[in-house]
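What follows is each chain in one-letter form.
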Amino acid sequence: MVTRNIVVKSLKVSQQVVQQQRISWVRPEDNVYKVNVDAAILKNSGAGLGAVFRNSQGEVMAAATHFIPHMLDPLLAEALAIEWAMRTAMQLLFTKVVFEVDSQVCIQRINSMISPILVQ
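Quantities reported herein were computed from a predicted structural model and do not represent experimental measurements.

**Student:** Please set out helix H2 (residues 74-91) residue by residue, giving values where relevant.
**Tutor:** Here H2 spans 25 Å end to end across 18 residues, near enough to the 26 Å set by a 1.5 Å rise per residue. All of the buried residues along H2 are Ala77, Glu78, Ala81, Ile82, Trp84, Ala85, Met86, Thr88 and Ala89. The residue sitting at the N-terminus of H2 and contributing the capping side-chain oxygen is Asp73; that oxygen lies 3.0 Å from the backbone nitrogen of Leu75. Remark: Leu93 follows H2 within two positions and exhibits a positive phi of approximately 65°.

**Student:** Give a detailed account of the packing of aromatic side chains, specifying residues and quantitative values.
**Tutor:** Each aromatic ring pair is specified by the distance between its two centres and by the angle formed by the two planes. Throughout the structure, instances matching the rule amount to two aromatic pairs. Ring centres of Tyr33 and Phe94 lie 3.9 Å apart, and the angle between their planes is 15°; on these two criteria the pair is classed as stacked. Pair noted here: Tyr33 is in strand S2 (residues 33-42) and Phe94 is in the loop between H2 and strand S5 (96-101), with a separation of 61 residues, a long-range link. Judged by its relative accessible area of 10%, Phe94 falls in the buried class. Aromatic side chains Phe53 and Phe94 sit 6.0 Å apart centroid to centroid with 55° between the ring planes, which places their arrangement in the tilted category. Taken together, the positions of Phe53 in strand S3 (residues 46-54) and Phe94 in the loop between H2 and S5 put the pair 41 residues apart, joining distant regions of the chain.

**Student:** Outline the side chain of Ser56, supporting the account with residue identities and numerical values.
**Tutor:** The topology assignment puts Ser56 in the loop between S3 and strand S4 (60-69). Looking at Ser56, the relative accessible area reads 4%, which means it is buried. Discounting chain neighbours no more than four positions away, the residues touching Ser56 are Arg27, Pro28, Glu29, Asp30, Asn31 and Val32.

**Student:** I'd like a rundown of helix H3 (residues 104-113), residues and numbers included.
**Tutor:** Those residues of H3 that sit buried are Cys106, Ile107 and Ile110. Down the axis of H3, the sector holding all buried residues measures 95°, keeping them to one side. Away from the buried face of H3 by more than 90 degrees, exposed residues Gln108, Arg109 and Ser112 are located.

**Student:** Describe the pairing of S2, listing the residues and the values that go with them.
**Tutor:** For S2 and S5, the ladder comprises four bridges, and the chain directions are parallel. Bridging from a neighbouring strand, Val35 pairs with Phe99 of S5. Direction of pairing for S2 relative to S3: antiparallel, over a ladder of nine bridges. By the bridge assignment for S3, Val37 is matched with Ala51. Between S2 and S3, which pair antiparallel and follow one another directly, the connecting turn spans three residues, one of which, Asn44, has a positive phi of 60°.

Definitions and cut-offs
- Residues numbered from 1 in each chain as written.
- Predicted model: local features only at pLDDT ≥ 70, side-chain atom pairs only at ≥ 80, totals over all residues.
- Heavy atoms only, no water.
- Helix = DSSP H or I, 4+ residues; strand = E, 2+ residues; numbered from the N terminus.
- Expected span 1.5 Å × (residues − 1).
- Buried < 20%, exposed > 50% of the residue type's maximum accessible area, 1.4 Å probe, protein only.
- Polar contact = N/O pair within 3.5 Å; in protein donor to acceptor, adjacent residues only side chain to side chain.
- Phe/Tyr/Trp six-rings, centres within 6.5 Å; stacked < 30°, edge-to-face > 60°.
- Contact = heavy atoms within 4.5 Å.
- Arc of directions from axis to C-beta.
- Pairing = 2+ DSSP bridges.

By themselves these figures say nothing about function.
As structure tokens, then:
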């Protein structure tokens, strides 16, 4: 049996900070994968989900996109993007993973349920 440690983290970014300073990717601990996840609502058609999976050296190990037709709720799209990225990480057999997303509301709700999330 393989135990996977999945930790959900947030990236706190405000509109003003993005305009005033450059934000750069921060590497995870050794032997940990970092997954940057995001969702976007495409006008009147659905939600596009995206994830980039990097190792601790910053090398892209995988990247994926997914489309959900008729999904027009931004918060739900972000939550589904996180779930989809977690499932994708498990399919890729990544055993230590940190997820970085920009939806504070999703992170607060996930962390209020379980933190860290352990999947067996």
